[in-house]
Amino acid sequence: MSHDGVRLRAVMRSVVFLTAGALAVPTLASCGSDDESGKPLAAQDIAPAGRDLVADGGTLRWAVDDVPETLNTFQSDADDATTRVAQAVLPAMFRLDAQGRPQRDADYLESAKVVDTEPKQVVLYKLDQQAVWSDGREIGAADFAAQWRALSGKDSAYWTARNAGYDRIEKIERGANNLEVKVTFSRPYADWKALFSPLYPKDVMGTPDAFNDGARRKLKVTAGAFSVQKVDRKDKEIVLGRNPHWWGRPAKLSQLVLAAVPLDKRAAALADGSVDLAEIDPADASRIALAGRAKGASTPLQGASPTGKDENKNESRQKKKLSKKERKALAKFRRQQDALRAFTVRRSLEPAYTQLALNGSEGPLADERVRRAVARALDRTELAKVVLKPLGLPAVPVGSHLALSGQAAYADNSGALGGQDTTEAQALLADAGWVPGGPVKDKGEKAAGSEGKKSKKSDDGAESEGGSDGQYIVGEDNKDPQDHTKKHGHGDESSKHLADGKQYDGRKVKQGGAPGAYAPKGTAAPADAKTGLLAKDGKPLALRFVLPSGTGSESLGAVADSISRMLEKVGIRTEITKVSDDSYFKDHIASGQYDLALYSWPASAFPATDARPIFAKPVPAADGSLNVEQNYTRVGTDQVDQLFDQAASTLDEDESAALVRKADARIWAAAGSIPLYQRPQLTAARRTLANAGSFGFQTPLYEDMGFLKKGATPSASPTKD
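It should be emphasised that the depicted structure is a prediction, and the values quoted were computed from it without experimental measurement.

1. Section: the overall build of the protein chain
Secondary structure summary: the protein chain contains 18 helices and 24 strands in total. Counting the 721 residues in the protein chain, one finds 58% classified as buried.

2. Things to note about the pattern of salt bridges
Per the counting criterion, the structure on display carries 26 salt bridges. One salt bridge in this structure joins aspartate 367 and arginine 369, with 2.8 Å as the shortest N-O distance. One salt-bridge network, held together by shared partners, links Arg51, Arg249, Glu703 and Asp704.

3. Brief notes about the sheet that holds strand 15 (residues 534–536)
One open sheet holds the three strands; their spatial order is 13-15-16, and the pairing between them is antiparallel. The outermost strands of the open sheet, each flanked by one partner alone, are strand 13 (435–436) and strand 16 (539–540).

4. Overview of the packing of helix 9 (residues 368–377) against helix 11 (residues 422–431)
Running from amino to carboxyl end, helix 9 crosses helix 11 at an angle of 165°, the nearest separation of the two axes being 8 Å. Between helix 9 and helix 11, the interaxial angle falls into the category roughly antiparallel. Judged by the sense of rotation from one axis to the other, the crossing of helix 9 with helix 11 is left-handed. Here Arg369, Val370, Arg372, Ala373, Arg376 and Ala377 of helix 9 lie close against helix 11, whose contacting residues are Thr422, Glu424, Ala425, Leu428, Leu429 and Asp431. Partitioned by chemical class, the residues of the contact of helix 9 with helix 11 number six nonpolar, one polar and five charged.

5. A short note on the sheet that holds strand 7 (residues 180–185)
Taken together, four strands build an open sheet; the order of strands is 4-5-7-6 and the sheet is antiparallel. Since the sheet does not close on itself, it has two edges, and those belong to strand 4 (109–116) and strand 6 (169–174), each with one partner. For this sheet, the mean angle separating the axes of adjacent strands, direction not counted, is 15°. Direction of pairing for strand 4 relative to strand 5 (residues 122–127): antiparallel, over a ladder of six bridges. Residue leucine 109 lies in a different strand from strand 5, and its bridge partner there is leucine 127. Relative to strand 6, helix 2 (residues 141–151) is tilted by about 160°, and along the sheet it contacts strand 5, strand 6 and strand 7.

6. Quick notes on the packing of aromatic side chains
On inspection of all chains with the given rule, the structure shows 21 aromatic pairs. With a centroid separation of 5.9 Å and an interplanar angle of 65°, the aromatic rings of phenylalanine 585 and tyrosine 632 are classed as edge-to-face. Of the two residues, phenylalanine 585 is situated in helix 14 (residues 581–589) and tyrosine 632 in the loop between strand 21 (626–627) and helix 17 (638–648); the sequence distance between them amounts to 47 residues. As far as the burial class goes, phenylalanine 585 and tyrosine 632 line up, both buried.

7. Thoughts on the confidence of the model for the protein chain
The predicted coordinates ought not to be read in detail in places where the model reports low pLDDT. Looking at the protein chain as a whole, the pLDDT averages 83, with 77% of positions reaching at least 70. Every residue in residues 296–311 scores below 50 in pLDDT, and together they form 21 contacts with partners more than four places removed in sequence or on other chains. Contacts of residues 476–531 to residues separated by more than four positions or lying in other chains number 177 contacts, the stretch itself having pLDDT below 50.

8. Re the environment of histidine 588
Mapped onto the elements, histidine 588 comes out in helix 14. Histidine 588 sits in the buried class, given a relative accessible area of 6%. Along the primary structure histidine 588 and leucine 547 are separated by 41 residues, whereas in three dimensions their C-alpha atoms are 9.6 Å apart.

9. Some details on the nonpolar core
One finds Met93, Tyr125, Phe196 and Phe226 to be the most contacted residues of the largest nonpolar core, which totals 72 residues. Examining the composition of this core, we find that seven residues originate from one element, helix 2, more than from any other. When neighbours within four sequence positions are excluded, tyrosine 125 is seen to be in contact with Met93, Leu109, Ser111, Ala112, Phe144, Leu179, Glu180, Val181, Val183, Trp192 and Phe196. In terms of nonpolar packing, the next biggest core, distinct from the first, is built from 62 residues, Val275, Leu543, Ala560 and Val570 among them.

10. What about helix 6 (residues 282–291)?
Judged by how many residues are buried, helix 6 sits mostly within the fold: eight of ten residues are covered. All of the buried residues in helix 6 are Pro282, Asp284, Ala285, Arg287, Ile288, Ala289, Leu290 and Ala291. Buried-residue contacts for helix 6 involve helix 5 (266–271), helix 8 (324–340), strand 12 (343–358) and strand 22 (673–686).

11. Digging into the pairing of strand 6
Where strand 6 meets strand 7, five bridges bridge the pair, whose relative direction is antiparallel. Looking at strand 7, one finds that isoleucine 172 is bridged to valine 183.

12. Overview of helix 14
For helix 14, the complete set of buried residues consists of Ser583, Tyr584, Phe585, His588 and Ile589. Contacts made by the buried residues of helix 14 are with strand 17 (542–548), strand 18 (573–579) and strand 19 (596–602).

13. Digging into the pairing of strand 12
Most of strand 12 sits out of view: 16 of its 16 residues are buried. Alignment of strand 12 against strand 22, held across twelve bridges, turns out to be antiparallel. When the sheet's bridge partners are listed, glutamine 355 is paired in strand 22 with proline 675. Direction of pairing for strand 12 relative to strand 19: antiparallel, over a ladder of seven bridges. Bridge pairing in strand 19 links alanine 357 to alanine 597.

14. With respect to the packing of helix 17 against helix 18 (residues 653–670)
Where helix 17 meets helix 18, the axes come as close as 8 Å, and the angle between the chain directions of the two elements is 165°. Here helix 18 runs roughly antiparallel to helix 17, going by the angle between their axes. Seen along the crossing, helix 17 lies across helix 18 with a hand that is left-handed. Packed against helix 17, whose contacting residues are Gln639, Val640, Leu643, Phe644, Gln646 and Ala647, the element helix 18 presents Ser656, Leu659, Val660, Lys662, Ala663, Arg666 and Ile667 at the interface.

15. Brief notes about a positive patch on the surface
Taken together, the side chains of Lys265, Lys324, Arg327, Lys328, Lys332 and Arg335 present a region of like positive charge at the surface. Relative to the assigned elements, arginine 335 resides in helix 8.

16. Concerning unusual backbone geometry
The omega torsion of the bond from glutamate 118 to proline 119 falls at 0°, within 30 degrees of zero and hence cis. Within the secondary structure, proline 119 sits in the loop between strand 4 and strand 5. In this structure, proline 198 follows serine 197 across a cis peptide bond, with omega equal to 5°. With respect to the secondary-structure elements, proline 198 resides in the loop between strand 7 and helix 3 (202–205). Positive phi, normally seen in glycine, also occurs at alanine 47, with a value near 50°. The residue glutamate 629 is not glycine, and still its phi comes out positive at about 50°.

17. Observations concerning the environment of aspartate 56
Mapped onto the fold, aspartate 56 is located in the segment before strand 1 (59–64). Sequence separation between aspartate 56 and proline 250 is 194 residues, and the spatial gap between their C-alpha atoms is 9.4 Å. If sequence neighbours within four positions are ignored, aspartate 56 has contacts with Arg242 and Lys252. A polar contact of 3.1 Å, which involves the side chain of aspartate 56, links it to the side chain of lysine 252.

18. Looking at the environment of lysine 193
Tracing the backbone shows lysine 193 in the loop between strand 7 and helix 3. Put simply, lysine 193 and alanine 112 are 81 residues apart on the chain and 8.8 Å apart in space, counted from C-alpha to C-alpha. Ignoring anything within four residues of it in the chain, the contact list for lysine 193 reads Phe94, Pro102, Phe606 and Glu653. Reaching out from lysine 193, the side chain makes a polar contact with the side chain of glutamate 653 at a distance of 3.3 Å.

Criteria and thresholds
- Residues numbered from 1 in each chain as written.
- Predicted model: local features only at pLDDT ≥ 70, side-chain atom pairs only at ≥ 80, totals over all residues.
- Heavy atoms only, no water.
- Helix = DSSP H or I, 4+ residues; strand = E, 2+ residues; numbered from the N terminus.
- Buried < 20%, exposed > 50% of the residue type's maximum accessible area, 1.4 Å probe, protein only.
- Salt bridge = Lys/Arg side-chain N within 4 Å of Asp/Glu carboxyl O.
- Pairing = 2+ DSSP bridges.
- Axes fitted to C-alpha atoms, helices over the stretch in contact; angles between N-to-C directions.
- Parallel < 35°, antiparallel > 145°, perpendicular 65-115°, else oblique.
- Left-handed = near helix turned anticlockwise from the far one by under 90°.
- Contact = heavy atoms within 4.5 Å.
- Nonpolar A, V, L, I, M, F, W, Y, C, P; charged D, E, K, R; others polar.
- Phe/Tyr/Trp six-rings, centres within 6.5 Å; stacked < 30°, edge-to-face > 60°.
- pLDDT = per-residue confidence, 0-100.
- Core = buried A, V, L, I, M, F, W, Y, C linked by side-chain atoms within 4.5 Å.
- Patch = residues over 30% accessible without salt bridge, like charges linked within 9 Å, V, L, I, M, F, W, Y side chains within 5 Å.
- Areas by Shrake-Rupley, 256 points an atom, 1.4 Å probe, with all protein chains shown as cover.
- Lys, Arg positive; Asp, Glu negative; His and termini not counted.
- Charge placed at Lys NZ, Arg CZ, Asp CG, Glu CD.
- Polar contact = N/O pair within 3.5 Å; in protein donor to acceptor, adjacent residues only side chain to side chain.

Structure below.
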């Protein structure tokens, strides 16, 4: 999907980069609450309708990025399509509600609760008596035990991507009857609701061979509203059909087809009927909104007259000026626009946020004072507006690294770092020894930023503007940063990664800043700091700002340009470098070859477990390299690690959430990453499609999706176009 873009429960698989464009729609009102966690900033937009209004039968074709390499969500190359299949065909003990909070799935569970805490934590699951696998076998303790053994990390023959939580289980046994499963933990585990969702049959988890290969291309045994009928790699689609052994509410659809369609081909696929539902970029959203207007409205290629009286005459003149190829393209565009009238754009906010990452391993940003100065120079509300305001979505900056508004652990802890304050930013830089002017070394010598290799061409082979070194330097000349954005694309938000931190180049780094990393309150900035770029020890303060260069990330570039202008005001020069999407994470983010970067993390319902690898303090490996896990900023503290450990081991949910909030406040203070805004979610849906669209936090209810009966209308939803 969009780069401003990676689901966290799937090993934080997809770091994402964001796209956004001009789509004028009514603003969705944000929600407030006395509770610290608040409510989601935007409601889900799925055209809800009662099941009695939805027709029985029909096939829904839903666009995905690609046919997944595996159907096992616990393997390293699983992706969003893997998750989508698992949600539709496999059991889950808990699913997320509209506020991103786990709720018991009544189709599988009658109850699940902690029944003992001393001497060990014991969770008792009581299964629904109708819950069976598609081969007729009851779901039971044997399936739970097989999944625990496979994911415990004790047997290296299982090629697993994660074992968090499963490594704390001591034993699994049958309860009072076949419907009860008793799980005993060796150590207390607060996020126990994250386990066994999804739950695979023992046929898949029982042996390393079955785990490693048996569920990659097929799932013979399932237990959801749908089952896997076909994985067609030639036609690039997965076909799901109704499960005849399903005991819950019958699926309304006869078939659900997940069709692989690249992001830039989705408007055409919608127009020709290849898909009925697809996440899209803002440009396609604009096209669909335009198509929904009355016939005769202007299009980017038409230009209807203001009065409409001379429209035909103007159109005729235009046609005479067009070449044969252009006229053919115009005709095709019009046919597509006619077809796109059958669709609407459903919009919400994704459960993920985009951040500015600051590499604290070397260079100026190894000093906490400089990182804090960068953060204090930013107006995060203005940066959120760049992306969200044109889409009519709430332009509210994210206040937490570990949760989003509406989730139990959310609280705005940005006050631990402080808001935008140019004077304070300049004072922090002055305290760190960066002063305006002063002797600066020749251009041929290295600047003070990260020492990534420079080339006359960007990594994708394209000649870069702004000089022969492949960089556009903000603060060095009078070029308009917008020209840079217009001439270069940015990375597709749908990129996925599985970097584990071991690709780090091995250099030992120092974490944190020097003693006295905070400018004393009231410290005055140098008089001319407002206009002069800063230098220290003969080197200018220049930071390498690395961005992906693929199609569809124009708004990342717009955000980067805004950040660069904000930093220039406090004397920091930025050198914007574009690299190919394929190398962005592997060669730059994971290996530490950047100073500043933009990418996104999804918000988890279980931050004590899932977010820890992102913010854990890097530790030296036996070979002298640095194990950063997923902490690509290389900034961490022992205190944050301890708070995560305490939160994961505290069974009182309120106390655990409070510890997560404390950890977040410490993460803000360290200034390794600055959350900016929640990512937009734009979904094109056929107007007759109900209970599907932009789901926000909630796990989709696949059995309720379908097409409206003739004459039926869905319930009120935020969609206005």
